[in-house]
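Structural description and commentary
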Amino acid sequence: MISVQEADFDAAALTAALRENAGSGVGGIVTFVGYVRDYAPDSPTDTLYLEHYPGMCERELEAIADTARQRWKLDGTVIVHRVGALSRNAQIVFVAAASAHRGDAFRGCEYIIDALKTRAPFWKRETLAGGNSFWVEQRQADQDRTDAWDEDTAPTKERP
């Protein structure tokens with residue numbers, strides 16, 4: 001399941017739906033929930049406004065999930081990403097991976113969130129409490145994490 005939406009999400013309900021849809025062979029589900037946080041050290045974040053490229057964004061998220069399912073034995077994945085104006089501490093992203101084995105679920109979930117941060121066409125504009133706003137630039141550390149998944153040393157499928 002892939003969703004890009006303005007509305008908030010219920011992480012427990014999304015996890016329960018994944019559990020039901022993934023089947024009886026699931027041994028574990030790993031989830032990640034990301035929140036809007038303060039980015040700037042000088043003034044607290046008031047809002048984070050997210051824009052996306054409709055259609056292209058969903059296709060890229062599906063490609064990321066497909067890659068995760070090909071690399072690890074995953075019985076299901078969920079990606080929900082919010083757009084629009086979000087206040088500090090609001091939920092922004094939900095990622096989940098279900099598998100018979102915890103290692104595959106952990107690696108699949110981590111890969112998805114790492115790839116999402118660098119490959120999905122989202123743009124973030126942060127507005128500080130004082131009214132100043134700026135576009136948030138991608139961090140090199142995020143790109144390095146995504147690139148590391150393509151190296152020969154990246155984790156592979158867990159064996160039964």
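Residues numbered from 1 in each chain as written. Predicted model: local features only at pLDDT ≥ 70, side-chain atom pairs only at ≥ 80, totals over all residues. Heavy atoms only, no water.

Under an unreviewed UniProt entry, the protein has the name Molybdopterin synthase catalytic subunit and belongs to Achromobacter piechaudii. Here is the UniProt Catalytic activity (unreviewed entry) comment for the protein, exactly as written: "2 [molybdopterin-synthase sulfur-carrier protein]-C-terminal-Gly-aminoethanethioate + cyclic pyranopterin phosphate + H2O = molybdopterin + 2 [molybdopterin-synthase sulfur-carrier protein]-C-terminal Gly-Gly + 2 H(+)". Reading the Sequence similarities (unreviewed entry) entry of the UniProt record for the protein gives the comment "Belongs to the MoaE family." (UniProt positions renumbered as here; feature names shortened; annotations may be inferred.)

**Quick notes on the sheet that holds strand β8 (residues 133–135)**
Spatially, the four strands line up as an open sheet ordered β5-β3-β7-β8, and their pairing is antiparallel. The open sheet terminates on both sides in strands that have one partner only, identified here as β5 (84–87) and β8. Ignoring which end each strand starts from, the neighbouring axes of this sheet average 25° apart. Pairing of strand β3 (residues 45–52) with β5 involves four bridges; the strand directions are antiparallel. Across the sheet, Leu 48 pairs through a bridge with Leu 86, a residue of β5. (Pairing = 2+ DSSP bridges. Helix = DSSP H or I, 4+ residues; strand = E, 2+ residues; numbered from the N terminus. Axes fitted to C-alpha atoms, helices over the stretch in contact; angles between N-to-C directions.)

**Observations concerning helix α2 (residues 56–71)**
Look at α2: 23 Å from first C-alpha to last across 16 residues, which is about the 22 Å you get at 1.5 Å a residue. Inspection of α2 places Cys 57, Leu 61, Ile 64, Ala 65 and Ala 68 among the buried residues, and these make up the whole buried set. Angular distribution of buried residues about the axis of α2 spans 95°; they occupy a single face of the element. The exposed residues of α2 that point more than 90 degrees off its buried face are Arg 59 and Gln 70. In this fold, the buried residues of α2 make contact with β1 (2–5), β3, β4 (76–82), α3 (102–119) and β7 (122–128). (Expected span 1.5 Å × (residues − 1). Buried < 20%, exposed > 50% of the residue type's maximum accessible area, 1.4 Å probe, protein only. Arc of directions from axis to C-beta. Contact = heavy atoms within 4.5 Å.)

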